[in-house]
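One letter stands for each residue in the lines below.
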Amino acid sequence: MTIDLRPMFSAMRAASRHDRLPDLAIRRRRLDTLKSMVVDNRKEIATAIDADFGGRVHEETELTEILPLLSAINHTSRNLRGWMRDERRHVALTFQPGSAWVRHEPLGVVGIVAPWNYPLLLALGPVVDALAAGNRVLIKPSELTPAFADLLQSLVAASFATDEVSVITGGVEVAQAFAALPFDHLLFTGSTDVGRKVMRAAAENLTPVTLELGGKSPAIIAHDYSLEDAARSIALGKFTNAGQTCIAPDYVLVPTDKVDAFSRAMQARIAQSYPPESAASQFTNVITDRHRKRLMDALEEVEQAGATMIQPPKADFGTKIPPTLVLGAPDDSLLLTEEIFGPILPIVPYNTLDDALAFVNRRSRPLALYAFSHDRHAQRIILDGAISGGVTLNGTLLHIAQNSLPFGGVGKSGIGAYHGRDGFRRLSHARAVYKPHLLNLSEHLGPPFGSLAHWIIR
Ligand code: NAD
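Calculation rules
Residues numbered from 1 in each chain as written. Predicted model: local features only at pLDDT ≥ 70, side-chain atom pairs only at ≥ 80, totals over all residues. Pairing = 2+ DSSP bridges. Helix = DSSP H or I, 4+ residues; strand = E, 2+ residues; numbered from the N terminus. Axes fitted to C-alpha atoms, helices over the stretch in contact; angles between N-to-C directions. Near = placed C-beta within 6 Å. Nonpolar A, V, L, I, M, F, W, Y, C, P; charged D, E, K, R; others polar. Domains from an automatic or database assignment. Contact = placed C-beta atoms within 7 Å. Core = buried A, V, L, I, M, F, W, Y, C linked by C-beta atoms within 7 Å. Buried ≥ 20, exposed ≤ 12 C-beta atoms within 10 Å, placed from the backbone. Right-handed = clockwise from strand over helix to strand, strands pointing away. Parallel < 35°, antiparallel > 145°, perpendicular 65-115°, else oblique. Expected span 1.5 Å × (residues − 1). Arc of directions from axis to C-beta. UniProt positions renumbered as here; feature names shortened; annotations may be inferred.

Asker: Help me understand the sheet that holds strand S1 (residues 87-89), please; the structure alone is not making it clear to me.
Answerer: Within a sheet, neighbouring strands are paired by backbone hydrogen bonds and run either parallel or antiparallel to one another. Pairing is antiparallel across the open sheet formed by three strands, whose spatial order is S1-S2-S18. Each of the sheet's edge strands pairs with one partner strand only, and the pair in question is S1 and strand S18 (428-436). Across the sheet, the mean angle separating the axes of adjacent strands is 30 degrees when strand polarity is ignored. Of the pairings in the sheet, the one linking strand S2 (residues 98-106) to S18 comprises nine bridges and is antiparallel in character. The residue bridging His 104 from the neighbouring strand is Ala 430, located in S18.

Here it is, written out as C-alpha cells:
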C-alpha cells in the first residue's frame with residue numbers, strides 16, 4: 001500500500017503561504033536547529049551509515065559529510081543577512097525618475113530527493129540553502145540507506161515542526177509519488193536516468209527542477225606535473241568512499257610515455273594509504289551486491305579484451321573490491337563509456353593535449369574535470385577545451401568544498417547549481433519591483449502611441 005503524501009504536502013504548503021516571509025532571525029534559528037541536530041547525533045549518524053554500507057569508517061563520514069555540512073551551515077548563517085537584502089538595479093533614462101530593485105523571496109515548499117552515496121550531505125546540504133531562502137522542505141532519502149533514512153526521519157521529527165521540515169522514507173513507488181507532488185522547486189541528486197524521470201514528473205506541475213546528476217569526470221595530467229603528486233590527489237579523489245562519489249575522477253589521461261611511471265606511483269600511493277593491517281577495515285564497501293556485480297562485470301569485460309588489471313593483494317581487503325587500476329581498456333568498454341562509481345581507475349594514454357581533450361569531448365559533459373599542470377598555458381588549454389560542471393586544478397574534489405562556488409553539472413551531468421549564495425538564489429524567487437517617482441511621466445503613457453514611440457526610438 002502506498003502512503004498518500006498529499007495531506008502532508010498540503011499542510012506544508014498552507015504553512016508556507018500563511019507565514020510567507022520568515023525573517024532573518026527565524027531562518028537563522030532553523031539553521032541552528034539543523035546544526036545542533038547533526039552535531040548532537042554525529043555518532044548515531046556515522047553508525048547508521050556504516051551499517052547501510054556494510055562498512056564505512058566513522059572518520060570518513062565525519063570528514064566527507066558532517067564537516068562540509070557544518071561548514072555550509074556556518075557560511076550561510078554568517079552571510080544570510082547580506083544575501084536577503086533587496087538589490088537595487090539600474091533604471092534607464094526613459095523611466096527616470098524611478099527606482100528598481102529585486103526582492104529575494106521564498107519559493108514555498110521545496111522537495112529534495114537524495115541518493116545513497118553521501119546520504120547525510122546530499123539530503124541536508126540542499127536543506128541548508130532551502131531554509132536560508134525561507135522555504136519549507138520535504139526530504140526523500142534513498143531506500144538503499146534505510147538505517148540512515150529512519151534515523152534522519154526521527155531526528156528531523158524531533159527537531160522541526162512537521163510543516164517546517166519533514167522526511168518521507170520508502171522505495172521507488174514512494175519516490176515516484178514524491179516527484180509528482182506540486183512542489184515550488186524540486187532538487188534531485190542521483191543518476192541521469194532517474195533525473196530524466198523526475199524532470200518528466202515535475203513538468204506535469206510546471207515545477208522547476210535542479211538536477212544534480214552523474215557522469216564521467218576526467219583527470220588530465222600534463223607533461224610537466226609530478227606523477228607522485230598527481231597520484232596522491234587522484235587516489236584521494238577516486239578511492240574515498242570506494243569511488244562512490246559523483247565527482248570522483250572517473251578515468252585518468254596520462255602522456256603515453258608516462259603511463260608506466262604513473263601506474264607505479266598510483267600503486268605506491270595505494271599501498272601507503274591502505275596498509276595490509278588496516279585495508280579491510282578502513283576501505284569503504286560497495287553499497288549492494290547489485291552494484292558490486294555491475295563493477296565485477298565491467299572488470300571481466302576488459303579482462304577478456306586483454307586489458308591489464310593491477311590490484312593490491314586481495315586478502316588485504318577482505319570481501320571488498322580493492323582499489324583497481326586498469327591499463328588498456330577498450331574505448332567502447334563499459335569502463336570507458338558508463339560512469340564507474342566504484343574503486344576502479346582506467347588509465348588512458350594520450351599523445352597531445354588536443355588528443356586528451358578530444359577523448360573527453362567524445363563523451364557527454366562531465367560533472368567535474370581535474371587538470372594537473374603548473375603551466376598556465378596548459379591549464380588554459382584544458383579549461384578552454386572541455387566543458388564541465390566544475391573544476392579543480394592540481395587536485396581533486398576540492399571545488400565542491402568551496403562554499404563561495406556554485407556546485408552543479410552541465411548537459412547530462414545536471415541542471416542548475418546550489419551551495420552558498422548560489423543555492424540561496426536558486427531556491428528564492430527573484431521578484432522584480434519598479435516604482436516610478438512622483439515626477440515620472442510614464443504615468444502619462446497611453447494611446448495613441450505613434451509620436452511617443454518615435455520620440456523614444458530617436
Ligand atoms: P538513483 O537515481 O538511483 O536514486 C536517487 C534517488 O532517486 C533515490 O532517493 C531514489 O529513491 C529516487 N528515485 C528512484 N526512482 C525514482 C523515480 N522514478 N522518481 C523519483 N525518484 C526516484 O541514484 P543513486 O544510485 O542513489 O546515486 C548514484 C548516482 O547519483 C550516480 O550517478 C552519481 O553520480 C549521482 N550523484 C550525483 C551527485 C551530484 O551532486 N551531482 C551527487 C551524488 C550522486
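Asker: Would you take a moment to explain the site of the ligand for this structure?
Answerer: The ligand sits among 28 residues. The nearest are Pro 115, Gly 190, Val 194, Gly 214 and Cys 246. Contributing elements (two or more residues each) for the shell around the ligand: helix H7 (172-179) and helix H8 (192-204). Looking at the shell around the ligand element by element, the count peaks at four residues for H7. Looking at the shell around the ligand, its residues break down into 14 nonpolar, nine polar and five charged.

Asker: Help me understand the domain arrangement of the protein chain in this model?
Answerer: According to the domain assignment, the protein chain contains domain 1 (5-214 + 413-432) and domain 2 (218-401). A separation of 31 Å is found between the C-alpha centroids of domain 1 and domain 2. Of the residues lining the interface, 14 residues belong to domain 1; the matching set on domain 2 comes to 17 residues. The element best represented in the side of domain 1 that touches domain 2 is helix H4 (residues 58-84), accounting for three residues. Split into classes, the residues belonging to the side of domain 1 that touches domain 2 amount to five nonpolar, seven polar and two charged.

Asker: Sorry if this is basic, but what is going on with the nonpolar core here?
Answerer: A general tendency of soluble globular proteins is for nonpolar side chains to be buried together. Core analysis: the largest hydrophobic core is formed by 122 residues, its most contacted members being Val 127, Ile 221 and Val 252. A total of nine residues in this core trace back to one element, the largest contributor, which is helix H5 (residues 121-132). Each of domain 1 (5-214 + 413-432) and domain 2 (218-401) contributes no fewer than three residues to this core. Filtering out sequence-adjacent residues up to four positions away, Val 252 remains in contact with Ala 219, Ile 221, Ile 234, Leu 345, Ile 347 and Val 348.

Asker: What exactly am I supposed to notice about the pairing of strand S13 (residues 368-372) here?
Answerer: A regular strand places its side chains so that they alternate between the two faces of the sheet. Burial analysis of S13 places five of its five residues in the buried class, which makes it a mostly covered element. Both strand S8 (residues 218-221) and S13 contribute to a ladder of three bridges, which runs parallel. Bridge pairing links Ala 219 to Tyr 370 in S13. Two elements, S13 and strand S14 (residues 390-393), share four bridges in a ladder whose sense is parallel. Its bridge partner being in S14, Leu 369 is matched across the sheet by Val 391. In this fold, the crossover linking S13 to S14 by way of helix H15 (residues 376-385) has right-handed handedness.

Asker: Which parts of the structure should I look at to understand the packing of H4 against H5?
Answerer: A packed helix pair is summarised by two numbers, namely the angle formed by the two axes and the spacing between the axes. Direction vectors running N to C along H4 and H5 enclose 5 degrees, while the axes themselves pass 10 Å from each other. Regarding the angle of H4 to H5, the classification is roughly parallel. Residues Glu 65, Pro 68, Leu 69, Ala 72, Ile 73, Thr 76 and Leu 80 of H4 form the contact with H5, whose participating residues are Leu 121, Leu 124, Gly 125, Val 128 and Ala 132. Looking at the contact of H4 with H5 residue by residue, the classes come out as nine nonpolar, two polar and one charged.

Asker: Would you mind going over helix H2 (residues 24-40) with me for this structure?
Answerer: For an α-helix, the turn length of 3.6 residues means that residues three or four places apart are oriented alike. Taking 1.5 Å as the rise per residue, H2 with 17 residues should run 24 Å; its terminal C-alpha atoms sit 24 Å apart, in good agreement. Along H2, the residues that are buried comprise Arg 27, Arg 30, Leu 31 and Leu 34. Along the axis of H2, the buried positions cluster into a sector of 95 degrees, meaning they face one direction only. Opposite the packed face of H2, turned more than 90 degrees from it, sit the exposed residues Ala 25, Asp 32, Ser 36 and Asp 40.

Asker: Teacher, can you tell me more about the environment of Pro 313 here?
Answerer: When you line up the elements, Pro 313 lands in the loop between strand S10 (308-310) and strand S11 (324-327). With 42 residues separating them along the chain, Pro 313 and Ala 271 place their C-alpha atoms 9.8 Å apart.

Asker: Just checking my understanding: could you explain the UniProt feature "active site" (unreviewed entry) in the protein chain for this structure?
Answerer: This chain's UniProt record puts "active site" (unreviewed entry) on Glu 212 and Cys 246. Over a stretch of 35 residues, the named residues converge on one spot in the fold, their C-alpha atoms separated by at most 9.1 Å. The topology assignment puts Glu 212 in strand S7 (residues 209-212). Taking the number of C-beta atoms within 10 Å as the measure of exposure, Glu 212 has 27 and is therefore buried. Discounting residues that sit within four places of it in the chain, Glu 212 has contacts with Phe 188, Thr 189, Gly 408, Gly 409 and Gly 414.

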